[in-house]
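Structural overview
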Amino acid sequence: MSSANAEQTSLVAVVMGSDSDLPTLQPAIQILEDFQIKAEVRILSAHRTPLEMIDFAEKATSKGLKVIIAGAGGAAHLPGMIASLTTLPVIGVPVKSKSLSGVDSLHSIVQMPAGIPVATVAIGGGLNAGLLAAEILAIFDKNLSQKISQYRQDLHDNVVKKDKRLREIESKNYDS
Ligand code: RP5
């Protein structure tokens, strides 16, 4: 990270209920870094450290955060509780759980009461959460918007390349 970047205010927070959620959130952290968006990363549990979670959410706007990504598994109350404490957009990431494969996390995060929204991505959807946060910031940042367009172009070109190769060598010889 450059020293200029180190001095920037974090625009996005990536918070998770447990360090066991980190592998799910890491793609969000990485894509934000790739787009040179400074992010604050925290472990804050709605159940184990509720007061720290409240303190974080109540100060989020005043310290300059614009979007919060919150990942949790199981009962997964973290995204919804943070959303109840701030008007910043909250993106919820359901973490795949051991007992119910993350369906519990998904249902918990997505079923918010009217008035307190959480934008919920797929189970394990850390990457899309990071991209969605970048897209929100890009509404007012042309340079960032161009980077996201380039990312989409690269996705497109990659599929076209794979399609070309598949047609050239036939499916039985295709090794993805
Ligand atoms: C949730 O409980 C966390 O978000 C995590 O997904 C789950 C399990 O936590 P650990 O027991 O692995 O710390 O609060």
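Cut-offs applied
- Residues numbered from 1 in each chain as written.
- Predicted model: local features only at pLDDT ≥ 70, side-chain atom pairs only at ≥ 80, totals over all residues.
- Heavy atoms only, no water.
- 1 Å grid on protein atoms, 1.4 Å probe; cavity = no way out; pocket = protein on both sides within 12 Å on 5 of 7 lines; lining within 4 Å.
- Points joined across faces, edges and corners; volume = space filled by probe spheres on them.
- Nonpolar A, V, L, I, M, F, W, Y, C, P; charged D, E, K, R; others polar.
- Near = heavy atom within 4 Å.
- Polar contact = N/O pair within 3.5 Å; in protein donor to acceptor, adjacent residues only side chain to side chain.
- Areas by Shrake-Rupley, 256 points an atom, 1.4 Å probe, with all protein chains shown as cover.
- Core = buried A, V, L, I, M, F, W, Y, C linked by side-chain atoms within 4.5 Å.
- Buried < 20%, exposed > 50% of the residue type's maximum accessible area, 1.4 Å probe, protein only.
- Helix = DSSP H or I, 4+ residues; strand = E, 2+ residues; numbered from the N terminus.
- Contact = heavy atoms within 4.5 Å.
- Axes fitted to C-alpha atoms, helices over the stretch in contact; angles between N-to-C directions.
- Parallel < 35°, antiparallel > 145°, perpendicular 65-115°, else oblique.
- Left-handed = near helix turned anticlockwise from the far one by under 90°.

**Observations regarding the layout of surface pockets**
- Its boundaries defined by the atoms lining it, the largest pocket holds a volume of some 420 Å³.
- Lining the largest pocket are 22 residues, and of these Ser18, Ser20, Asp21, Gly73 and Gly74 sit closest to its centre.
- Of the residues that constitute the lining of the largest pocket, the class distribution is 7 nonpolar, 10 polar and 5 charged.

**Observations concerning the site of the ligand**
- All residues adjacent to the ligand are Gly17, Ser18, Ser20, Asp21, Arg48, Ala72 and Gly73.
- Between the ligand and Ser20 there is a distance of 2.6 Å, counted from an oxygen atom to a side-chain nitrogen or oxygen.
- At a separation of 2.6 Å, an oxygen atom of the ligand approaches a polar side-chain atom of Asp21.
- Considered on its own, the ligand offers 360 Å² of accessible surface; in the complex 67% of this is hidden by protein.

**So, the nonpolar core**
- Grouped together as the largest cluster of nonpolar side chains are 24 residues, with contacts concentrated most on Val12, Phe35, Ile37 and Ile69.
- Going through the elements one at a time, strand S1 (12–16), helix H2 (22–34), strand S3 (67–73), strand S4 (90–95), helix H6 (126–138) and helix H7 (142–169) are the ones with two or more residues in this core.
- With 6 residues, H6 is the single largest residue contributor to this core.
- When neighbours within four sequence positions are excluded, Val12 is seen to be in contact with Leu32, Ile37, Lys38, Ala39, Glu40, Leu65, Val67, Ile69, Ala133 and Leu137.
- Of all hydrophobic cores here, the second largest spans 20 residues; its members include Leu44, Ala46, Leu78 and Leu88.

**Overview of unusual backbone geometry**
- In this model, Gln36 sits at a positive phi of 55°, which is unusual for a non-glycine residue.
- One can find Gln36 in the loop between H2 and strand S2 (39–43).
- Looking at Gln36, the relative accessible area reads 55%, which means it is exposed.
- One non-glycine residue with positive phi stands out, namely Ala76, at about 50°.
- Checked against the element boundaries, Ala76 lands in the loop between S3 and helix H4 (78–85).

**A closer look at the packing of helix H3 (residues 50–59) against H4**
- Interhelical geometry of H3 versus H4 gives an angle of 45° and a closest axis separation of 8 Å. Between H3 and H4, the angle falls in the class oblique. Where H3 crosses over H4, the two elements pack in a sense that is right-handed. Counting all contacts with H3, which are made through Met53, Ile54, Phe56, Ala57 and Glu58, the residues of H4 involved are Leu78, Met81, Ile82 and Leu85.
- Looking at side-chain class alone, the contact of H3 with H4 contains 8 nonpolar, no polar and 1 charged residues.

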